[in-house]
Structure formats: C-alpha cells, structure tokens
Amino acid sequence: MSQIRVGSVLRRRADVRFRVIDEEGVVVRQGAGEVLVLNEVATRILTLADGAASIARWIDALLGEFDVDRGQLTADVLAFAAELVEQGLLEPAAAERAPALRRAGTAGGGG
Amino acid sequence: MSFGARFLRQPERFSERPAGEPWGERELALELPGGPYRVLGLSAAQEAGVRATFPGSLLPAAGAPAAGAPAAPATAAAGAPVTCRLLRCTAGDFLPVDVRGWEYGLDFDWSPAAVRLAGLGLAARLDWRLGGAELGGVELSGALWTPEDGGARFPGVFENFLRVLVSYRLLELGGAVLHSAGVVRHGAAFLFLGRSGAGKTTVARFSQAQGAEVLSDDLNALLPHAAGCAVLKLPFTGDLGERRAARLPVPLGALLRLEQDSVDALAPLSRAEALACLLACAPFVNVDPYRRDRLEHVLFALAAAAAPRAFTLRFSLGGGFWSILDEK
C-alpha cells in the first residue's frame with residue numbers, strides 16, 4: 001500500500017455508498033454487505049475525499065471548522081485517512097505524478 | 001468464483017429466459033406480503049408440498065381469501081399477481097455439495113432487468129418486464145428450475161426461492177423483508193433486528209415466555225402504513241414462529257437494534273443509525289448493485305417513519321428487557 005501523505009489525493013472507492021443524514025455519515029460497502037455509521041468529523045473527512053482535493057486541502061478546510069492545532073490535526077487526519085484506505089473505503093485517486101521530463105534537445109522550450 | 005460455479009455443473013448454460021418444461025399443470029395462489037403470488041407449473045407432489053408448508057397463505061384459484069387468511073391484506077396495493085413458474089431440470093445439472101460444517105448461502109448474479117440465483121437444487125431467475133395496467137409499469141415474475149418433484153427437499157427449495165422473490169417484490173412496493181425477530185405485545189409489533197447470532201431467537205424466547213406472540217424469529221416484513229410503519233408476518237421462520245397461520249398487519253411498536261450486554265438498557269437510534277441497521281438487515285436486496293438507489297430510498301423512508309420508535313436494545317440473559325420496553 002502506498003504511503004499516505006499530505007499531498008495524496010484520495011477518493012471513495014466505487015463500491016462504497018455514502019450519504020449524510022443529520023451530520024452523520026452512513027457508509028455501505030456493497031461488496032462486503034457492511035454498513036457503518038460515522039461521527040461528524042469522520043463524515044466531514046469522507047465528504048472531503050472527492051478525488052480532487054489533496055489531504056492538505058482537507059486540513060485547511062478542517063482548520064477553519066474546528067479549533068485545533070495544525071500539527072495535531074495533520075497527524076490525526078493522515079492516520080485516519082490511512083485507516084480508511086486500509087478498510088477499503090478510500091483509494092488513491094491517481095498515481096502521484098513525477099515531474100515531466102523534457103525531451104532532449106528541447107531545452108529552453110524552443111521545440 | 002463465478003456465478004453458479006458452487007452449485008451448477010454448467011453455469012454458463014443458465015437459461016437466458018424464464019422458460020422451460022413445467023413440472024405439471026397444477027396452480028396455486030399464495031397470499032403473502034406483496035402478493036398474491038401465482039405459482040404455475042406444479043406437479044401434484046409439489047402442490048402438496050406447498051400446501052403443507054404454507055397452509056395459512058393459500059388462496060383459492062378465484063382469488064377470494066381462504067379460510068384463516070386475512071380478509072383485507074395490507075398488500076392490496078400490490079395489484080396484479082406476481083407469477084412464478086416451476087420448471088424441470090435434472091439432479092445431474094447440479095454439482096454434489098458437501099454441506100457438513102457449511103453455512104448455506106445462495107449465489108446471485110444481477111443485471112438491470114433480472115436477477116439470477118443458484119443454490120442447492122435450485123436455479124432461478126427474477127425478471128422485470130414492461131407491463132401492467134398503463135403499460136408504463138414494470139411486472140416482476142419468477143422462474144424456478146429444480147429437480148425436486150415434491151419430497152422432503154422440495155419445500156425448502158421452494159421457500160428459499162420465495163424468500164428472495166418476496167424480498168424483491170416488497171422493495172418495489174416501498175417495504176422491506178428484514179432479518180429480525182417479530183413479536184406482538186399489547187397490540188403493537190416489535191422488531192428486534194440483527195444478523196445471525198445477534199440474539200433474535202433468544203429475545204423471541206424471552207418474549208414468548210412473557211406471553212407475547214412471536215411472528216417469526218428470522219424474517220419479517222416492514223411496510224409503510226397510515227400509522228407510520230406496520231409489520232407483516234411472513235411464513236419464513238427459524239426456530240420460533242407459527243408459519244401455518246396468517247395474520248393482519250400490526251402497527252410498529254418499536255424497531256430495536258440488538259446488542260448483547262450484561263444489563264438491559266435502551267438508547268435512541270439516530271436516523272442514520274436506523275438506516276444503517278435496516279440496510280444491514282435487508283437480505284438479498286442489500287447486495288444488489290443495480291437496486292442500491294431504490295433500496296436506500298425505501299429504507300430511508302422507513303427509517304424516518306420509524307425513527308421516533310427506533311432504539312438500540314442492550315439486553316442481558318436475565319430477560320428483563322420487557323420491563324424497559326413496556327415503560328416506553
């Protein structure tokens with residue numbers, strides 16, 4: 001399993017159904033026939049896992065919503081995200097891209 | 001493992017249509033929730049098996065309620081009968097299965113307009129076709145291929161098929177079949193929800209000992225009702241419940257998620273928790289990827305209607321939980 005970092009982009013897995021009712025999240029893992037109820041914070045994190053925003057963006061959003069130290073929040077969110085990946089609720093949205101290589105002879109962008 | 005590979009010798013030859021050679025020309029009508037269910041193609045021995053297994057649900061061919069059956073079932077909205085056909089196949093179509101120490105579960109294969117299932121002595125399909133009064137409706141029908149011409153195993157085969165058919169039918173009608181113990185006390189129905197091992201039969205036994213009526217300790221139906229929700233008896237029982245008698249719908253007294261504990265206590269369930277509980281306890285349909293939206297819509301409506309009466313029940317083996325429930 002790839003390591004979860006603040007730059008990671010995660011999304012809910014295709015077989016995971018998720019809906020929010022009265023600020024609680026209901027998660028259905030269709031394949032396993034398993035249903036979970038998440039508390040408010042976990043629900044917010046699963047909502048943020050849209051496959052577009054990085055974990056760093058989640059942390060920025062959560063800092064505006066909860067009175068918490070950034071360092072502690074970062075550690076907690078990374079740990080929770082890793083747990084959600086391990087439980088099969090989240091997955092990486094895409095492989096982290098390596099910097100684009102320039103073709104030989106095109107230095108300076110003239111090609 | 002691919003669909004049917006546990007049970008069928010040639011799953012790739014599973015019929016694409018609900019057609020084949022009927023076992024006979026006998027016909028029965030069953031008044032079960034979501035019905036009536038019209039069963040065609042029965043042999044004489046199969047008919048006898050169905051009659052003996054579901055005597056409280058039999059309707060005469062004309063459609064009038066049989067003696068002992070409810071005169072005005074809450075399922076009247078169902079309208080046209082759901083037709084299911086009994087079709088021949090041979091024992092050689094099935095693989096031998098060593099069932100020692102084995103927990104039986106059917107194999108399913110889903111698509112937008114059909115569900116296929118396979119099990120011990122059972123290959124079946126449910127099909128949805130355009131039809132109904134306005135031709136804008138969709139009609140559900142079933143077909144069951146079995147090598148069992150009556151005999152000791154046939155009732156079990158037929159019931160396993162019927163459990164799935166009724167579950168899908170009730171989903172269409174805004175209701176649900178739920179893994180639960182259903183108990184009637186003081187004119188209200190209490191549904192104790194939980195999967196295998198949660199304690200459904202245990203609480204049903206305690207309830208019975210205190211004079212309550214047990215509907216079933218395995219599967220019960222929950223449907224919307226003028227009073228919120230109503231519980232309907234199903235002839236699908238485990239160790240407790242009288243499958244031979246029919247019963248009118250009973251208004252829901254409480255929806256109770258079971259948790260075994262050393263003390264008896266009651267805690268309210270949120271709507272999210274009630275929905276999660278219903279989702280987890282809706283067999284067959286809750287693993288169908290093509291009917292997720294419908295299931296969530298139906299169960300959310302039921303959870304919302306039941307929410308004021310939805311609780312987690314922590315119960316001990318002392319059996320004192322009814323004193324708490326009676327106070328509510």
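For clarity, every value in this text was computed on a predicted model and none was experimentally measured.

> Teacher, can you tell me more about the overall build of chain B here?
From N to C terminus, chain B includes six helices and 16 strands. Here the C-alpha atoms of chain B give a radius of gyration of 20 Å, agreeing with the 20 Å that 2.2 N^0.38 yields for 328 residues. Counting over 328 residues, chain B shows a buried share of 53%. Within chain B, counting contacts between residues at least 6 apart in sequence, those at least 24 apart form 69% of the total.

> Help me understand the nonpolar core in this model?
Among the nonpolar cores identified, the biggest contains 78 residues, and B:Leu30, B:Leu126, B:Phe158 and B:Leu299 are the most heavily contacted of them. In terms of residues, this core owes the most to one element, helix α2 (residues 154-172) of chain B, which gives eleven residues. Split by domain, the residues of this core number at least three in each of domain 1 (11-173) and domain 2 (177-325) of chain B. Sequence-distant contacts of B:Phe158, defined by excluding residues within four places in its chain, comprise B:Leu30, B:Val39, B:Val50, B:Phe54, B:Leu86 and B:Leu144. Core analysis: the next-biggest nonpolar cluster, separate from the first, contains 22 residues, A:Ile4, A:Ile55, A:Trp58 and A:Leu89 among them.

> Which parts of the structure should I look at to understand a nonpolar patch on the surface?
Residue and element names in this part refer to chain B. Taken together, Val99, Tyr104 and Leu120 make up a surface patch of nonpolar side chains, about 220 Å² in accessible area. The topology assignment puts tyrosine 104 in the loop between β4 (82-88) and β5 (107-111). Note on tyrosine 104: relative accessible area 32%, which makes it partly exposed.

> Got a minute to help me understand the interface of chain B and chain A in this structure?
Frequently, the measure chosen for interface size is the accessible area removed from exposure when the parts meet. Facing 17 residues of chain B, the contacting portion of chain A comprises 13 residues. Counting each side, the surface lost to burial between chain B and chain A is near 1,400 Å², with a carbon and sulfur contribution of 53%. Taken as a group, B:Ala272, B:Arg292 and B:Glu296 account for 37% of the area that chain B buries against chain A, more than any other trio of residues on that side. Between A:Arg17 and B:Glu296 there is a salt bridge, and its shortest N-O distance comes to 2.9 Å. Between the two partners, chain B and chain A, sit four residue pairs in polar contact (both at pLDDT 80 or more). Of all the secondary-structure elements, those providing two or more residues to the side of chain B that touches chain A are α4 (271-280) and α5 (292-306) of chain B. Considering every element that reaches the side of chain B that touches chain A, the biggest residue donor is α4(B), with seven residues. Grouping the amino acids of the side of chain B that touches chain A by side-chain chemistry returns eight nonpolar, two polar and seven charged.

> Mind showing me how you'd approach the environment of B:Ala124 here?
Residue and element names in this part refer to chain B. Within the secondary structure layout, alanine 124 lies in strand β7 (residues 122-131). For alanine 124 and glycine 156, which are 32 residues apart along the polypeptide, the C-alpha to C-alpha distance reads 14 Å. Excluding residues within four positions of it along the chain, alanine 124 makes contact with Phe14, Val115, Arg116, Leu117, Ala143, Leu144, Trp145 and Phe161.

> I tried to follow unusual backbone geometry on my own but got confused; where do I start?
As a rule of thumb, non-glycine residues mostly have phi less than zero, and peptide bonds are mostly trans rather than cis. Between B:Gly35 and B:Pro36 the backbone carries a cis peptide bond, its omega angle lying at 15°. In this structure, B:Pro36 sits in the loop between β1 (26-30) and β2 (37-42). Located in the positive-phi region is A:Asp22, a residue other than glycine, with phi close to 50°. Take A:Asp22: it is sitting in the loop between β2 (16-21) and β3 (24-29). The backbone of B:His186 sits at a positive phi, close to 50°, despite the residue not being glycine. Among the structural elements, B:His186 can be located in the loop between β9 (176-185) and β10 (188-193).

> Looking at this structure, I do not really get the side chain of B:Glu47. What am I missing?
Residues and elements named next belong to chain B. With respect to the helices, strands and loops of the structure, glutamate 47 is situated in helix α1 (residues 44-53). Judged by its relative accessible area of 10%, glutamate 47 is buried. In contact with glutamate 47, not counting residues within four places along its chain, are Arg26, Leu28 and Leu42.

> Explain the confidence of the model for chain A to me, please; I cannot follow it from the model alone.
One rule of thumb: low pLDDT means the predicted coordinates there are not for detailed reading. Residue and element names in this part refer to chain A. Per-residue pLDDT for chain A averages 82, and the proportion of residues at 70 or more is 82%. When mean pLDDT is compared element by element in chain A, strand β1 (residues 9-12) scores highest at 94, while strand β4 (residues 34-38) scores lowest at 88. The low-confidence segment residues 96-111, where pLDDT is below 50, has three contacts with residues more than four positions distant or belonging to other chains.

About the criteria used
- Residues numbered from 1 in each chain as written.
- Chains lettered and ligands numbered in written order.
- Predicted model: local features only at pLDDT ≥ 70, side-chain atom pairs only at ≥ 80, totals over all residues.
- Heavy atoms only, no water.
- Helix = DSSP H or I, 4+ residues; strand = E, 2+ residues; numbered from the N terminus.
- Rg over C-alpha atoms; globule rule 2.2 N^0.38 Å.
- Buried < 20%, exposed > 50% of the residue type's maximum accessible area, 1.4 Å probe, protein only.
- Contact = heavy atoms within 4.5 Å.
- Core = buried A, V, L, I, M, F, W, Y, C linked by side-chain atoms within 4.5 Å.
- Domains from an automatic or database assignment.
- Patch = residues over 30% accessible without salt bridge, like charges linked within 9 Å, V, L, I, M, F, W, Y side chains within 5 Å.
- Areas by Shrake-Rupley, 256 points an atom, 1.4 Å probe, with all protein chains shown as cover.
- Salt bridge = Lys/Arg side-chain N within 4 Å of Asp/Glu carboxyl O.
- Buried area = accessible area lost by both parts, 1.4 Å probe.
- Polar contact = N/O pair within 3.5 Å; in protein donor to acceptor, adjacent residues only side chain to side chain.
- Nonpolar A, V, L, I, M, F, W, Y, C, P; charged D, E, K, R; others polar.
- pLDDT = per-residue confidence, 0-100.

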